[in-house]
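# Coordinate inspection notes
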Amino acid sequence: MTESMEEYCQLVRSVMEARLDGKTPLAFTHTYGCQGNVSDGERINGMLAQMGFDFTDDPEQADFILFNTCAVREHAEDRVFGNVGALKHIKNRNPKLIIALCGCMVQQQTVADKIRASYPHVNLVFGTHVIPRFPELLYRTLTGGKRVFELSQDDNTICEDLPVRRDGAFKAWLPIMYGCDNFCTYCIVPHVRGRERSRDASRILAEAKELIAAGYKDITLLGQNVNSYAVKNSVSTDGEAWNFPKLLREIDRIEGDYVLRFMTSHPKDCTEELLTVMAEGTHTAHHIHLPFQCGSNRVLKAMNRKYTRERYLELVRMAREKMPDISLTSDIIVGFPGETYEEFCETLDLVREVKFTSLFTFIYSPREGTPAAKLPDPVSHAEKARWMKELLSAQEAIAAERCQSMLGSRQRVLVEQVDERDGRLICRTRDNINVWCEGDAGLVGSFAECEITSARNWVLGGTVLMRNS
Ligand code: SAH
Ligand code: SF4
Ligand code: F3S
């Protein structure tokens, strides 16, 4: 932590103490959106802990409420507006409550303006570039007598040296870069997250070592496009040239019992070198999340994705050649402006050809300020929903087939949690496939060997045979 941040943490601590007559302040925080945002949320929680806060799951009990928001689709934003509106009643009952909004959604000026005008019970709004200044901003909110809006942009911000309060005890997010320079025409992320910047490799390696030494078993390296790690800015204090495959190889070399993952990998920058490092690694999962978005070359061009269907299929072929057991997952957008049913069928075809483990599928959502939002979009939402249904049913058949093929096999899994509904253990294979297992709850957080004993549609069931860590 920097000195001034530490000072502001102390200042907030004293102000809160006086404000609540010595009672420990309680924070309720909620993060929407991607793992990158979750990772920011863990750092915000780290700073809150440093400022003397405890945490609660009940907003009614909280002295401080924060929503860390996402702007990627309209639906994500609608949920936030709904939930912020509902806080008005809590604030009426507890006028001392401080309400804050941060994250991608509020980085948009139009959204910040709407909050200023229509949500007067929100006290503090800060953007994605000023997260390290959160203690100072909270201090200003508590003492300045007026609402604080801080959306300034600084494209050099890298959240180094922030305290972090991780959500999990054995799964960890490890950001390696921030921002995005790709400007896919439908996407708001580059507009709200700023330019691409990579963390110093030595800092990432040190954090990975700490996590492994602390017993973390599942580490995911994060970036909007991890494949362009270190391409834009020099990231080494040791004078070496870095790229993502090299970073992955170096982390993989750290000794310990853990699985190493990464996301997201943009197909335009996915190289044979990366696939080789994955195949040769000791800890790296044989799983790649490689979003193709759409199977039509015309639409891919309109999306500014900078690869073709053929190049994508070539990457899949290469990945399977090097790792026959590789699990592939992807993101798909259905109904990009101007997409025809025939073009959508090319997506369907690609899904049937590749046979992904699972898919994240989205109906196109126009985002203000992006080029795609200005394109004519003649296909109705109802029609797009029909295409989506077709896509989902194709994927369900593929997933069911894959599940059947795993029946009777033995898998090494990480036991992640107990399913509250039926007491079974929710486990994850190294290839990122969930299995619901009979077994002892004491195994949560450890690796285990399990046998797959049932495959109902796309849900795998099994029995834990023994602990394996
Ligand atoms: N950086 C990642 C994606 C991050 S956003 C990548 O390029 O792969 C996660 C996913 O949200 C995207 O892959 C895309 O499928 C979806 N998405 C982004 N903008 C969208 C929009 N305007 N409408 C619908 N889906 C969108
Ligand atoms: Fe958005 Fe494209 Fe950047 Fe991914 S690579 S965050 S889809 S602009
Ligand atoms: Fe959403 Fe921002 Fe992530 S828009 S998907 S939280 S980078």
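Residues numbered from 1 in each chain as written. Chains lettered and ligands numbered in written order. Predicted model: local features only at pLDDT ≥ 70, side-chain atom pairs only at ≥ 80, totals over all residues. Heavy atoms only, no water.

Attention now moves to the pattern of salt bridges. Working definition: two side chains of opposite charge can pair if their charged atoms are close together. Applying the stated rule across the entire model yields 29 salt bridges. Two residues, Arg-133 and Glu-136, come together in a salt bridge whose shortest N-O distance is 3.1 Å. Among the ionic pairs, Arg-261 bridges to Asp-218, the shortest N-O distance being 3.2 Å. Here Arg-261, found in strand E11 (residues 259–263), pairs with Asp-218, found in strand E10 (residues 218–222); they are 43 residues apart in sequence, far enough to count as distant. Each member of the pair Arg-261 and Asp-218 is classed as buried. Each of the salt bridges in this network shares a partner with another, and the network as a whole consists of Glu-42, Arg-43, Glu-160, Asp-161, Arg-166, Arg-199, Arg-203 and Glu-207. (Salt bridge = Lys/Arg side-chain N within 4 Å of Asp/Glu carboxyl O. Helix = DSSP H or I, 4+ residues; strand = E, 2+ residues; numbered from the N terminus. Buried < 20%, exposed > 50% of the residue type's maximum accessible area, 1.4 Å probe, protein only.)

Counted according to the given criterion, the structure contains 15 aromatic pairs. Between Phe-244 and Phe-262, the aromatic rings sit 5.2 Å apart at their centres with planes inclined by 70 degrees, giving edge-to-face as the arrangement. Of this pair, Phe-244 sits in helix H8 (residues 244–252) while Phe-262 sits in strand E11, and the two are 18 residues apart along the sequence. Aromatic pair Phe-344 and Trp-387: ring centres 5.4 Å apart, planes at 20 degrees, arrangement stacked. Of this pair, Phe-344 sits in helix H12 (residues 341–354) while Trp-387 sits in helix H13 (residues 381–406), placing them 43 residues apart in sequence. As far as the burial class goes, Phe-344 and Trp-387 line up, both buried. (Phe/Tyr/Trp six-rings, centres within 6.5 Å; stacked < 30°, edge-to-face > 60°.)

For the protein chain, the assigned domains are domain 1 (3–150), domain 2 (171–405) and domain 3 (410–467). One C-alpha centre belongs to domain 1, the other to domain 3; they are set 37 Å apart. (Domains from an automatic or database assignment.)

Along the chain, the position of Ser-39 falls in helix H2 (residues 35–50). Relative accessible area serves as the criterion here: at 2%, Ser-39 is assigned to the buried category. Not counting chain neighbours up to four residues away, the residues in contact with Ser-39 comprise Trp-173, Pro-175 and Leu-222. (Contact = heavy atoms within 4.5 Å.)

With that settled, the discussion passes to the side chain of Arg-261. By relative accessible area, which is 9% here, Arg-261 ends up buried. Within the local environment of Arg-261, its side chain forms a polar contact with the side chain of Asp-218, the two groups lying 3.2 Å apart. (Polar contact = N/O pair within 3.5 Å; in protein donor to acceptor, adjacent residues only side chain to side chain.)

What follows deals with helix H4 (residues 109–118). Among the residues of H4, Val-111, Ala-112 and Ile-115 are the ones counted as buried. Considered in projection along H4, the buried side chains sweep an arc of 100 degrees and stay on one side of the axis. Those residues of H4 hidden inside the fold are in contact with helix H3 (74–93), strand E4 (98–103), strand E5 (124–126) and strand E6 (148–150). (Arc of directions from axis to C-beta.)

Okay, the site of ligand 1 next. Looking at ligand 1, there are 15 residues lining it, with Arg-73, Gln-224, Gln-293, Asp-331 and Ser-365 nearest. Tyr-186 places a polar main-chain atom, nitrogen or oxygen, 3.0 Å from a nitrogen atom of ligand 1. One of the side-chain nitrogen or oxygen atoms of Arg-305 is found 3.2 Å away from an oxygen atom of ligand 1. Summarising the interface, the protein chains cover 90% of the accessible area of ligand 1, which totals 540 Å² for the free molecule. Breaking the shell around ligand 1 down by element, the ones donating at least two residues are strand E13 (327–334) and strand E14 (358–363). Among the residues forming the shell around ligand 1, the class breakdown is 7 nonpolar, 4 polar and 4 charged. (Near = heavy atom within 4 Å. Areas by Shrake-Rupley, 256 points an atom, 1.4 Å probe, with all protein chains shown as cover. Nonpolar A, V, L, I, M, F, W, Y, C, P; charged D, E, K, R; others polar.)

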